[in-house]
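Take a look at the letters that make up each chain.
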Amino acid sequence: MYKIPLFELNYGAEEEAAVLETLRSKWISTGPKTAAFEKEFASMLGAGHALALANCTVSLHLAMKILGIGPGDEVICPSLTFVATVNAIRYVDAIPVFADIRSSSDPTMDPADIRKRITDRTRAIVVMHYAGFPCAMDEIMEIAHQHGLKVVEDACHGPLSEYNGKKLGTIGHVGCFSFFSNKNISTGEGGMLVTDDDRLLEQAKLLRSHGMTTLSYERSKGHSTGYDVIESGYNYRMDDIRASLGLVQLHKLSADLGQRAVVRGWYEEAFADVPEVIIPFRGHEGFVSNYIFVVVLDETCGHRRDEIRNSLHQAGIQTSIHYPPAHRFSIFSQNAVQLPVTESVADRLITLPMFSKLSRDEVVYIAETMKQLTRG
Ligand SMILES: *Cc1c(COP(=O)(O)O)cnc(C)c1O
């Protein structure tokens, strides 16, 4: 057991009560709780529509499907992301084309590098808002507009994060969210697809449930008795047990993220006199989710990253790596590609604990330990 874990689930009696209520209602699959969760999620983001799903991976898959991405199409994406972002492109037999990140202080996709990767076969860009901090969306949307490309936002890290007054996930054509247990909103497994486009929503809704024209909840209410199947769809539904957890979590979200911003402030302060430790997005203005807290070691100690992580673990501090870059995995190795910034940053980064109950003393302890190790 670690003295300070990487993450602590923000769950309590409210979640227990919500699940119990759903169990006692005797409707546990997709139904009224799922519909309520979708409605609240969409209105929280100011999105036209939200569709609840089994997880974010299938949300990314549906995004590819409804945007018409298919065999041989090229989709530009980051390598410094969770592998699901890239796998989803492969599900529709499209080709992931990795773009580099900007720098250690802004590890989001570099618009200049995106431009260089565009070919006649490019159809879409999938962005990932790293740690909940926005990609350069004005430039990326401009590139997409110039080349007639679709934009999917993998906004798993950024519920409620803002960019120029808009919520992340609502800027591109489709936004995808995850409610996996360690995300800002936790339902165990779960995901959401958001879009302003009525037609895209209808297609995603069909594909979510076998291509069937009605849901069993609607039939049980007598709204319709039969159904047709008009696409080879999937079972990508969320159930009402998870949706009821999601509703409680939504109500806690603002307060949780507010406290995370305080924790981040403590980190920035505690590392102020440690130039060896680079804090990406330091001093960022604008509301962000702070899903994870990642630091990048500078050249003087970056080569000792794994050793420093081991020492942190011995000091009782759990850490992680977000992420081992996808282009280095065997499955993507045939997409031989030069990503010098991604490679350099990925080898020097460490994810430190971040959750709303982290105390100032714990943050100071982590920073002091890091300071000794980086200079050691
Ligand atoms: C968590 C995560 C996913 C996958 O979400 P699931 O709900 O676990 O399928 C995809 N992309 C990013 C960036 C993530 O953090």
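The rules we used
Residues numbered from 1 in each chain as written. Predicted model: local features only at pLDDT ≥ 70, side-chain atom pairs only at ≥ 80, totals over all residues. Heavy atoms only, no water. Core = buried A, V, L, I, M, F, W, Y, C linked by side-chain atoms within 4.5 Å. Buried < 20%, exposed > 50% of the residue type's maximum accessible area, 1.4 Å probe, protein only. Helix = DSSP H or I, 4+ residues; strand = E, 2+ residues; numbered from the N terminus. Domains from an automatic or database assignment. Contact = heavy atoms within 4.5 Å. Polar contact = N/O pair within 3.5 Å; in protein donor to acceptor, adjacent residues only side chain to side chain. Pairing = 2+ DSSP bridges. Axes fitted to C-alpha atoms, helices over the stretch in contact; angles between N-to-C directions. Buried area = accessible area lost by both parts, 1.4 Å probe. Salt bridge = Lys/Arg side-chain N within 4 Å of Asp/Glu carboxyl O. Right-handed = clockwise from strand over helix to strand, strands pointing away.

1. Considerations on the nonpolar core
Okay, so step 1: M64, I66, I69, V75, V152, V174 and L193 are the most contacted members of the largest nonpolar core, which totals 35 residues.
Okay, so step 2: The set of elements that each furnish at least two residues to this core consists of β1 (49-53), α3 (56-66), β2 (74-78), α4 (84-91), β4 (122-128), β8 (174-178) and α7 (198-208).
Okay, so step 3: With 7 residues, α3 is the single largest residue contributor to this core.
Okay, so step 4: Split by domain, the residues of this core number at least three in each of domain 1 (13-250) and domain 2 (255-374).
Okay, so step 5: With sequence-adjacent residues up to four places away left out, V174 is seen in contact with A63, I66, L67, V151, V152, E153, G169, L193, V194 and L200.

2. Notes on the side chain of T195
Okay, so step 1: Summarising the element assignment, T195 is placed in strand β9 (residues 191-195).
Okay, so step 2: Of note is the side chain of T195, whose polar atom sits 3.0 Å from the backbone oxygen of H173.
Okay, so step 3: Ignoring sequence-local partners within four residues, the contact set of T195 consists of G48, H49, H173, L200 and L201.

3. Remarks on the sheet that holds strand β11 (residues 293-297)
Two orientations exist for strands paired in a sheet by backbone hydrogen bonds: parallel and antiparallel.
Okay, so step 1: As summarised here, the arrangement of the 3 strands in space is β10-β11-β12, forming an open sheet in which the pairing is antiparallel. The outermost strands of the open sheet, each flanked by one partner alone, are β10 (277-278) and β12 (349-352).
Okay, so step 2: With 4 bridges connecting them, β11 and β12 associate as antiparallel partners. Note that in β12 the partner of F293 across the bridge is L352.
Okay, so step 3: Contacting β11 and β12, helix α10 (residues 305-314) runs over the sheet at an angle of about 20 degrees to β12.
Okay, so step 4: Together, β10, β11 and β12 form the strand contacts of helix α12 (residues 360-375), whose direction differs from that of β11 by roughly 15 degrees.

4. Examining unusual backbone geometry
Okay, so step 1: Residue Y323 is bonded to the preceding H322 through a cis peptide linkage, with omega at 10 degrees.
Okay, so step 2: Take Y323: it is sitting in the loop between α10 and α11 (340-348).
Okay, so step 3: Even without glycine at this site, A131 takes up a positive phi of about 60 degrees.
Okay, so step 4: Within the fold, A131 resides in the loop between β4 and α6 (137-147).
Okay, so step 5: A positive phi angle, close to 65 degrees, is found at F281, a residue other than glycine.
Okay, so step 6: Judged by relative accessible area, which is 10%, F281 ranks as buried.

5. Re the domain arrangement of the chain
Okay, so step 1: By domain assignment, the chain separates into domain 1 (13-250) and domain 2 (255-374).
Okay, so step 2: Each of domain 1 and domain 2 has a C-alpha centre, and the two are 26 Å apart.
Okay, so step 3: Every contact between the two is made by 37 residues of domain 1 and, on the other side, 36 residues of domain 2.
Okay, so step 4: Taken together, the two surfaces of domain 1 and domain 2 that pack against each other cover about 3000 Å², and 63% of this comes from carbon and sulfur.
Okay, so step 5: Along the contact surface separating domain 1 from domain 2 lie 0 salt bridges.

6. Points about the pairing of β4
Okay, so step 1: Within β4, 6 of the 7 residues are buried, leaving the element largely enclosed by the surrounding structure.
Okay, so step 2: Across 3 bridges, the pairing between β2 and β4 is parallel. Of the residues in β4, the one forming a bridge with I76 is I125.
Okay, so step 3: Relative to strand β5 (residues 150-154), β4 runs parallel, the two sharing 5 bridges. When the bridges of β5 are listed, M128 appears paired with D154.
Okay, so step 4: Handedness of the crossover joining β4 and β5 through α6 is recorded here as right-handed.

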